[in-house]
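Here is how the chains run, residue by residue.
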Amino acid sequence: DERYTSDLTFRGTISASGHNIDDFSTDTRLMLMPSMFQKHSFEQQEFDLLLDQHDPGHKRLSVNSSIADVNLDGRFDLDLAFSALVHQMTNLVNTIEDHALPQDSLREKSPRMTIRSHTESQRTMDFGYRVRIKNLDPVATLVGAERFDGRADLNGTILGTDENLSCSARGNIDEFFI
C-alpha cells in the first residue's frame, strides 16, 4: 500500500547499564536525518534520553528534543510512576465524563495497567518535573491533522504513592495555534 511508503534514516549512540528496570540507566542520542514518513517530510530531529537510576533516592529522567524537553528529578520508580500517572489521568477523565454524560449513558471503564508488585519504599514518590514544549509542527505533520503548533512550559512536583498522589503545577502557554 503506497500510503505507508516511508524512507527513514537514523543515526545514534546508546550507552546503558543495569540488571532490571529499577537500576537500568542509559545515555542515548538518536538523530532522525531528513526523512519521509507516509508522504510527510521531516527535517532533521535530535532526541536525547538520559535515565540515571544509580541512587534510588534521587533518580533523573531527561528527554530532550527539538519538539519538547521532559525532565523528572527525585524519588520515583519508573514503571510505577508511569502506571500511577496513567491511572490517575484515567480517573480524572472518567470523573469528568460522569458529570458530563447523561446518567443512562453506557461507557466502559478502562482497566488498570498491570505491573509487578512494589515494596513500600518503591511506592513512595517525591519528584519535580518540567515539560517544555518547543515545536509541535513535526507532531502535526505526523498525525496528518490540521497544522498546529505551540510553545509552553509546565513545572511542578508530584508527591505520595501510586494510590494517593499530590501534584502541583505552574505553567505558561506562550503560543498555541491551529
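Whatever comes next refers back to the structure up there.
Note on numbering: residues in each chain are counted from 1, in written sequence order. Owing to the predicted nature of the model, reporting of local features is limited to residues with pLDDT of at least 70; listing and counting of side-chain atom pairs is limited to 80 or more, with chain, interface and lining totals taken over all residues. The side-chain quantities take in all heavy atoms of the structure and omit both hydrogens and water.

1. Considerations on the nonpolar core
Item 1. Counting 10 residues, the largest nonpolar core is built from Leu51, Leu61, Leu72, Phe76, Ala81, Met125, Phe127, Tyr129, Ile158 and Leu165.
Item 2. For this core, the leading source of residues is strand β9 (residues 125–133), giving three residues. Residues enter a nonpolar core if they are buried and are Ala, Val, Leu, Ile, Met, Phe, Trp, Tyr or Cys, with the set joined through side-chain atoms within 4.5 Å. Accessible area is worked out with a 1.4 Å probe on protein chains only. A residue is then buried under 20% of its type maximum, exposed over 50%, and partly exposed in between. Elements are defined by DSSP. Helices are runs of H or I of four residues or more, strands are runs of E of two residues or more, and each kind is numbered from the N terminus.

2. Section: the environment of Asp48
Item 1. If you trace the backbone, Asp48 turns up in strand β6 (residues 45–52).
Item 2. Along the chain, Asp48 and Ser65 lie 17 residues apart, while their C-alpha atoms are 6.3 Å from each other.
Item 3. Setting aside residues up to four positions removed in sequence, Asp48 forms contacts with Thr28, Arg29, Ser62, Val63 and Asn64.
Item 4. Polar contacts involving the side chain of Asp48 include one to the side chain of Arg29, which spans 2.7 Å. Residue contacts follow a heavy-atom distance rule, with two residues in contact if any of their heavy atoms lie within 4.5 Å. For this analysis, a polar contact is any N or O atom pair within 3.5 Å, provided that within protein one partner can donate a hydrogen and the other can accept it, and provided that sequence-adjacent residues contribute only side-chain to side-chain pairs.

3. A closer look at the sheet that holds strand β5 (residues 40–42)
Item 1. Any two strands between which DSSP finds at least two bridges are classified as paired. In space, the three strands of this open sheet follow the order β1-β4-β5, with antiparallel pairing throughout. Edge positions in the sheet fall to β1 (6–7) and β5, since each has one partner strand and no second.
Item 2. Relative to β5, strand β4 (residues 35–37) is paired through three bridges, and the arrangement is antiparallel. Considered in β5, the bridge of Ser35 is made with Phe42.

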